[in-house]
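These are the residues of each chain, in order.
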Amino acid sequence: MLKYTDHNKLKNATGSFEESLSGRRCLFYGQTGAKLCMIQPMDDHDEEVRENELRLISKELEGTPFIHVSVKINDWSYDLSPWKAPAIYKGMAFGDGAPATLDFILREVIPYAKKRFLLPEDTQFILGGYSLAGLFALWAGYETDAFSGIAAASPSVWFESWDSFINEHLIRASHVYLSLGDREAKTRNQTMARVADRIEEQYKNLQQQSTDSTLEWNPGNHFRDPDARTARAFSWCAGRI
């Protein structure tokens, strides 16, 4: 993997590099001066399919320059959870680390990307991800207006009290993409089985707030084509900005 150490080398460059910000691994890809920056929390599996996801986004955007930042998440069920919730499987209790993760993105990742890629003042930012990272992105869209678009692919909207949260808050992002697999609700776990009803409720809530949004149903269960689904989520948002 190409790693830049000299700021001057980035001028008019397209490439990938890795940096550690406050002890967190971040993978950067893109072109200097792009006006579109996508930020995605990732785990090990996301990193494995990251190259294909970037290829699909590039193909969809047809040459439009963009920046993509992958933020490595060390504790998935803690760092991306907006509040504490009981485990749905053994050993998988949810923490309340999302505020700290969002603060890291706002205070360190975005300023770093602006500096290293010489991003113009009118650069638009999209926050997105898959599964619990999709829920995190949705939650962040209610917490800050820093993101023009929210790309929530198969988000974990089954999360405890999420239905109450969206009915008590207003989304602050302008464009929101939602998706779900058409077999994701077919599970014996009663908590996760409500995901289809919840995604419909989420979409209805956004429509009632007159938010530019869409809901796409994909064939398959939760584990099918996460890279392609996430790529479509980011690409849709990019096309609306």
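For the structure itself, look to the data block above.
Throughout this document, residue positions are counted from 1 along each chain, in the order its sequence is written. The predicted nature of this model means local features are confined to residues of pLDDT at least 70 and side-chain atom pairs, given and counted, to a pLDDT of 80 or more, with totals for whole chains, interfaces and linings taken over all residues. Computation of side-chain values: all heavy atoms of the structure, hydrogens and water removed.

**Q** Which parts of the structure should I look at to understand the overall build of the protein?
**A** The helix count covers DSSP runs of H or I at least four residues long, the strand count covers runs of E at least two residues long, and both are numbered beginning at the N terminus. Per the secondary structure count, the protein includes eight helices and eight strands. Taking 18 Å as the expected radius of gyration for a compact globule of 241 residues, we find that the protein reaches 17 Å, a close match to that expectation. Buried, partly exposed and exposed residues are distinguished by accessible area as a fraction of the type maximum, computed with a 1.4 Å probe on protein chains only: under 20%, between the cut-offs, and over 50%, respectively. The 241 residues of the protein split such that 55% are buried. In the protein, once contacts between residues fewer than 6 apart in sequence are set aside, the share between residues at least 24 apart is 68%. Note on areas: Shrake-Rupley, 1.4 Å probe, and residue coverage restricted to the protein chains presented here. In the form shown here, the protein has an accessible surface area of approximately 11,200 Å², with 45% of it arising from carbon and sulfur atoms. Just so you know, the count uses Lys and Arg for positive and Asp and Glu for negative, and it drops His and the chain ends. A charge is said to be at NZ when it belongs to Lys, at CZ for Arg, at CG for Asp and at CD for Glu. On the protein, the mean spot of the 27 positive side-chain charges and the mean spot of the 33 negative ones are 2 Å from each other. Within these notes, the globule rule equals 2.2 Å times the number of residues to the 0.38 power, and the radius of gyration is based on C-alpha atoms. By definition, residues are in contact when any of their heavy atoms lie within 4.5 Å.

**Q** Any chance you could explain the nonpolar core here in plain terms?
**A** In a soluble, globular protein the nonpolar side chains are often hidden away together inside. Residues grouped as a nonpolar core are buried Ala, Val, Leu, Ile, Met, Phe, Trp, Tyr and Cys residues, joined through side-chain atoms within 4.5 Å. Among the nonpolar cores identified, the biggest contains 57 residues, and Ile 39 and Trp 162 are the most heavily contacted of them. The greatest single-element share of this core, amounting to nine residues, is contributed by helix H5 (residues 132-143). Beyond its immediate chain neighbours, meaning those up to four positions away, Ile 39 contacts Val 69, Val 71, Ile 105, Val 109, Ile 110, Phe 125, Ile 126, Leu 127, Gly 128, Phe 147 and Phe 234. Ile 57, Tyr 130, Ala 153 and Ala 238 belong to the second largest nonpolar core, which has 18 residues in total.

**Q** It is not clear to me how the packing of aromatic side chains should be interpreted in this structure. Could you clarify?
**A** To describe a pair of aromatic rings, one takes the distance between the centres and the angle between the planes. Pairs were defined over the aromatic rings of Phe, Tyr and Trp, the Trp ring being its six-membered one, requiring ring centres within 6.5 Å. Orientation was assigned from the angle between planes: stacked under 30 degrees, edge-to-face over 60, tilted for the rest. Going through the model one piece at a time under the given rule, you end up with 16 aromatic pairs. Between Phe 28 and Phe 117, the ring centres sit 6.4 Å apart and the planes meet at 35°, which makes this aromatic pair tilted. Residue Phe 28 is found in strand S2 (residues 24-31), and its partner Phe 117 is found in the loop between helix H4 (98-116) and strand S5 (124-130); the two are separated by 89 residues along the sequence. Judged on exposure class, the residue Phe 28 and its partner Phe 117 are both buried. A ring has a charge above it when a Lys NZ or an Arg CZ is no more than 6 Å from the ring centre and no more than 35 degrees off the ring normal. In this structure, Arg 24 is placed above the aromatic ring of Phe 104, and the distance from its NZ or CZ to the ring centre is 4.8 Å.

**Q** What is the right way to read the pairing of strand S8 (residues 212-218) from this model?
**A** Within a regular beta strand, the side chains point alternately toward one face of the sheet and then the other, so they alternate between its two faces. Of the strand pairs in this sheet, strand S7 (residues 175-181) and S8 are connected by seven bridges, and their pairing is parallel. Note on S8: the bridge partner recorded for Leu 178 is Leu 215. Handedness rule for crossovers: strands pointing away from the viewer, path from the first strand over the helix to the second running clockwise, crossover right-handed. At this point the chain moves from S7, through helix H7 (residues 195-208), to the parallel S8, and the crossover so formed is right-handed. Pairs of strands are assigned from DSSP output, requiring at least two bridges between the strands.

**Q** Teacher, can you tell me more about the packing of H4 against H5 here?
**A** If you want to describe how two helices pack, look at the angle between their axes and the distance between the axes. Running from amino to carboxyl end, H4 crosses H5 at an angle of 70°, the nearest separation of the two axes being 11 Å. As judged from the angle between their axes, H4 and H5 are roughly perpendicular. The residues of H5 that touch H4, namely those facing Ala 98, Pro 99, Thr 101, Leu 102 and Ile 105, are Phe 136, Trp 139, Ala 140 and Glu 143. Lines fitted to the C-alpha atoms define the axes, with helices restricted to the stretch that makes contact. Angles between their N-to-C directions range from 0 to 180 degrees. For classification purposes, angles smaller than 35 degrees are called roughly parallel, those larger than 145 roughly antiparallel, those between 65 and 115 roughly perpendicular, and all remaining angles oblique.

**Q** Even after reading the chapter, I still don't get the packing of helix H2 (residues 50-61) against helix H8 (residues 226-240), so can you show me in this structure?
**A** In the contact formed by H2 and H8, the axes pass within 9 Å of each other and the chain directions differ by 35°. Viewed along their axes, H2 and H8 form a crossing whose handedness is right-handed. Of the residues in H8, those touching H2 at Asn 52, Glu 53, Leu 56, Ile 57, Glu 60 and Leu 61 are Asp 227, Ala 228, Thr 230, Ala 231, Phe 234, Ser 235 and Ala 238. Under the scheme applied here, ten amino acids are nonpolar (Ala, Val, Leu, Ile, Met, Phe, Trp, Tyr, Cys and Pro), four are charged (Asp, Glu, Lys and Arg), and all others, including Gly, are polar. Here the residues of the contact of H2 with H8 are counted per class, giving seven nonpolar, three polar and three charged. Less than a right angle of anticlockwise turn of the near helix away from the far helix marks a crossing as left-handed, whereas a clockwise turn marks it as right-handed.

**Q** Can you help me understand H2 in this one?
**A** In an α-helix, one turn spans 3.6 residues; hence positions three or four apart end up facing the same way. Between its first and last C-alpha, H2 extends 16 Å over twelve residues, near the 16 Å set by a 1.5 Å rise per residue. When we look at burial in H2, the residues that qualify are Arg 50, Glu 53, Leu 54, Ile 57 and Leu 61. One face of H2 carries all of its buried residues, which in axial projection span an arc of 95°. Projecting away from the buried face of H2 at angles above 90 degrees are the exposed residues Glu 51 and Lys 59. Positioned one or two residues after H2, Glu 62 has a phi angle of 50°, which is positive. By definition here, a helix of n residues has an expected span of 1.5 Å times n minus one. Summarising the geometry, the arc corresponds to the directions from the helix axis toward the C-beta atoms.

Interpretation in functional terms is not warranted from these geometric data alone.
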